[in-house]
Amino acid sequence: VAHLVGDGQRILDCCAAPGGKTSLLADRNPNARIAAVEFHPHRAHLLRKLLRQNIRADGRNIDVIAADVRTPPFTTHFDRTLADVPCSGTGTLARNPEIKWRLVPQDFANLQVRQLAILRAAMQRTEPGGIVVYSTCSLEREENEEVIDRVLAEDPSFHVFDCRNRLERLHAERELITSDFSSLLCGPYLRTLPGIHPCDGFFAATLERQK
C-alpha cells in the first residue's frame, strides 16, 4: 500500500502508527518532508522510538505529530497523502478469527463515518496535482467502494487513478514480483484476497486531484 503513494516532496501519513508504512515512505523519499500523524499520544511516542531505532533514513525528515488528522494542527498542503484508515479488519480474519464474534452490523456504519472524515481531511490537505491513497484491511464495500463513491460525489476535483498503472511501474522497479495484475485489481482498485494471494485482504484506491 505504501508503495502506491509513490514519490513526493511533502508527504502526509494520516494514521501513522505503528510505523511500517512511514518507514517505507521515508526510505523511498529520503529528501521529502513527511508528516506522520497519529491520534493516540502513546502510539505516537512508540512511533518516534521505532523511527529512531529502525529507519535507514536518518529520520530528520519525519515530523511525528500526535493529533487528530480530521482537525490537523497545520495548514500545509501535500503532494502525496496516505490514509490507511481504522477499519473492521475483516481482511485479517485468517489470523484474527475472533473478529467475527466481535463485530456487529452497526460497526460498519460507525467505521464508515470515521473513514469518510479522515479521507475528507486528507483530500483537503492535498494540493492540485497531488495523490491520495486510501486503504483498509477490510473486505467490506461499506468501508471501501462506498467510501470512495461518496467522497468523489462530494468533490469533483478528484478522480480515481487506476492502480494498474502504479502496479506496472512497481513491477518494472522489481518491487512487485507478480505480473498477473488482473488478480490484484477490482476495477481501478487494488484488492488482495486471502486464499488467492499470500497475504491478508487489502483494499486501496488512488485518488488524484486535478491541477
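Structure: above.
Source: prediction; values computed, not measured. (Residues numbered from 1 in each chain as written. Predicted model: local features only at pLDDT ≥ 70, side-chain atom pairs only at ≥ 80, totals over all residues. Heavy atoms only, no water.)

So, the overall build of the protein
And step 1. The number of helices and strands found in the protein is 7 helices and 9 strands.
And step 2. Whereas a compact globule of 211 residues would reach a radius of gyration of roughly 17 Å, the protein reaches 16 Å, a difference of no more than 12%.
And step 3. Across its three principal directions, the C-alpha atoms of the protein cover 40 × 40 × 35 Å.
And step 4. Put simply, the protein has 211 residues, and 47% of those count as buried.
And step 5. Within the protein, counting contacts between residues at least 6 apart in sequence, those at least 24 apart form 71% of the total.
And step 6. Element-wise, carbon and sulfur atoms account for 52% of the exposed surface of the protein, whose accessible area totals about 10,600 Å².
And step 7. Positive and negative side-chain charges of the protein, numbering 27 and 27 respectively, have mean locations separated by a distance of 5 Å. (Helix = DSSP H or I, 4+ residues; strand = E, 2+ residues; numbered from the N terminus. Rg over C-alpha atoms; globule rule 2.2 N^0.38 Å. Buried < 20%, exposed > 50% of the residue type's maximum accessible area, 1.4 Å probe, protein only. Contact = heavy atoms within 4.5 Å. Areas by Shrake-Rupley, 256 points an atom, 1.4 Å probe, with all protein chains shown as cover. Lys, Arg positive; Asp, Glu negative; His and termini not counted. Charge placed at Lys NZ, Arg CZ, Asp CG, Glu CD.)

Concerning the environment of Ala 67
And step 1. By secondary structure assignment, the location of Ala 67 is in the loop between strand S3 (62–66) and strand S4 (78–84).
And step 2. Separated by 14 residues in the primary sequence, Ala 67 and Thr 81 place their C-alpha atoms 16 Å from one another.
And step 3. When sequence neighbours within four positions are dropped, the list of residues in contact with Ala 67 reads Val 37, Glu 38, Phe 39 and Pro 73.

Digging into the pattern of salt bridges
And step 1. With the rule as written, the count across this model stands at 12 salt bridges.
And step 2. Between Glu 173 and Arg 28 there is a salt bridge, with the nearest N and O atoms lying 3.1 Å from each other. Highlighted residues: Glu 173 in the loop between helix H7 (163–172) and strand S7 (185–186) and Arg 28 in helix H2 (residues 20–28), separated in sequence by 145 residues.
And step 3. Linking Arg 169 and Glu 173 is a salt bridge whose minimum nitrogen-to-oxygen distance equals 3.0 Å.
And step 4. Classification of Arg 169 by relative accessible area gives partly exposed; the value is 41%.
And step 5. Owing to a relative accessible area of 32%, Glu 173 belongs among the partly exposed residues under this scheme.
And step 6. In the salt-bridge network here, residues are joined through shared partners; they are Asp 7, Arg 28, Arg 169 and Glu 173. (Salt bridge = Lys/Arg side-chain N within 4 Å of Asp/Glu carboxyl O.)

Some thoughts on the nonpolar core
And step 1. Residues Leu 4, Leu 25, Ile 34, Ile 62, Val 64, Leu 167 and Leu 190 are the most contacted members of the largest nonpolar core, which totals 27 residues.
And step 2. Of all hydrophobic cores here, the second largest spans 26 residues; its members include Val 69, Ala 83, Leu 116 and Val 147. (Core = buried A, V, L, I, M, F, W, Y, C linked by side-chain atoms within 4.5 Å.)

Quick look at H7
And step 1. Buried within H7 are the following residues: Cys 163, Arg 166, Leu 167 and Leu 170. With its buried residues spanning 100° around the axis, H7 presents them on a single face.
And step 2. Next to the buried residues of H7 lie helix H1 (2–5), H2, strand S6 (158–161), S7, strand S8 (189–192) and strand S9 (202–209).
And step 3. Just downstream of H7, Arg 174 is the residue with a positive phi angle, here 65°. (Arc of directions from axis to C-beta.)

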